[in-house]
Amino acid sequence: QVQLVESGGGLVQAGGSLRLSCTASGRTFSSYTMAWFRQAPGKERELVAGITGTGDSTYYADSVTGRFTISRDNAKNTVYLQMNSLKPEDTAVYYCATPAPPLDYVATISPAYDYWGQGTQVTVSS
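Since this is a predicted model, take the numbers as computed values, not measurements. (Residues numbered from 1 in each chain as written. Predicted model: local features only at pLDDT ≥ 70, side-chain atom pairs only at ≥ 80, totals over all residues. Heavy atoms only, no water.)

A.B. asks: Tell me about the environment of Leu20, residues and numbers included.
C.D. replies: With respect to the helices and strands, the residue Leu20 is situated in strand E3 (residues 18–25). Residues Leu20 and Tyr80, spaced 60 residues apart in sequence, show a C-alpha to C-alpha distance of 5.5 Å. Not counting residues within four places of it along the chain, the set of residues in contact with Leu20 comprises Ser7, Gly8, Gly9, Trp36, Val79, Tyr80, Leu81, Met83, Tyr94, Thr120 and Val122. (Helix = DSSP H or I, 4+ residues; strand = E, 2+ residues; numbered from the N terminus. Contact = heavy atoms within 4.5 Å.)

A.B. asks: Please provide a residue-by-residue account of the side chain of Arg72, values included.
C.D. replies: Within the secondary structure, Arg72 sits in strand E7 (residues 68–73). Among buried charged residues, Arg72 stands out as having no salt bridge; its nearest opposite-charge side chain is Asp73, 8.4 Å away. A distance of 2.8 Å separates a polar side-chain atom of Arg72 from the backbone oxygen of Tyr32. Of the polar contacts made by the side chain of Arg72, one reaches the side chain of Asn74; its length is 2.8 Å. Those residues in contact with Arg72 that sit more than four places away from it in its chain are Phe29, Ser30, Tyr32, Thr33, Met34, Ile51, Thr52, Gly53, Gly55, Thr78, Val79 and Tyr80. (Buried < 20%, exposed > 50% of the residue type's maximum accessible area, 1.4 Å probe, protein only. Lys, Arg positive; Asp, Glu negative; His and termini not counted. Salt bridge = Lys/Arg side-chain N within 4 Å of Asp/Glu carboxyl O. Polar contact = N/O pair within 3.5 Å; in protein donor to acceptor, adjacent residues only side chain to side chain.)

A.B. asks: How would you explain the pattern of salt bridges if you had to name every residue and give the values?
C.D. replies: In the structure shown here, the tally under the stated rule is 3 salt bridges. Taking the shortest distance from any N to any O, the salt bridge between Arg38 and Asp90 comes out at 2.9 Å. Highlighted residues: Arg38 in strand E4 (residues 34–39) and Asp90 in the loop between strand E8 (78–83) and strand E9 (92–98), separated in sequence by 52 residues. Take Arg38: its relative accessible area is 5%, and that puts it in the buried class. Between Asp90 and Arg67 there is a salt bridge; the shortest N-O distance is 2.7 Å. Taken together, the residues Asp90 in the loop between E8 and E9 and Arg67 in the loop between strand E6 (58–60) and E7 connect sequence positions 23 residues apart. In terms of burial, Asp90 and Arg67 fall into one category: buried. What you see here is one network of salt bridges that share partners, running through Arg38, Glu46, Arg67 and Asp90.

In short, geometric facts, not functional conclusions.
Listed below in structure tokens is the structure:
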């Protein structure tokens, strides 16, 4: 059974940085796309960033391009989201997710993802 465990959220001032981590277990990590979604109160869940199994293809939402970086360490079964220049509008619960089939691209819609972490809260104060 695939399990995803996120960590690294917290409270930070605007302009600050945080790094989220998501450790996966239950299957061969390097074969699968990984993604970070977020959901703010009253808003739909949105894809923030994604990375293919080999790491050779990434996707970023326009709102985070240039500020966030997704990476993965397949030896540690872990995907990271480095978040810099944080803004109050980045406040949300951040979720790690991965699809059941081994895709060779980053799917951009949440129904494509079958396994989800429990979420970690990121709060950016102004």
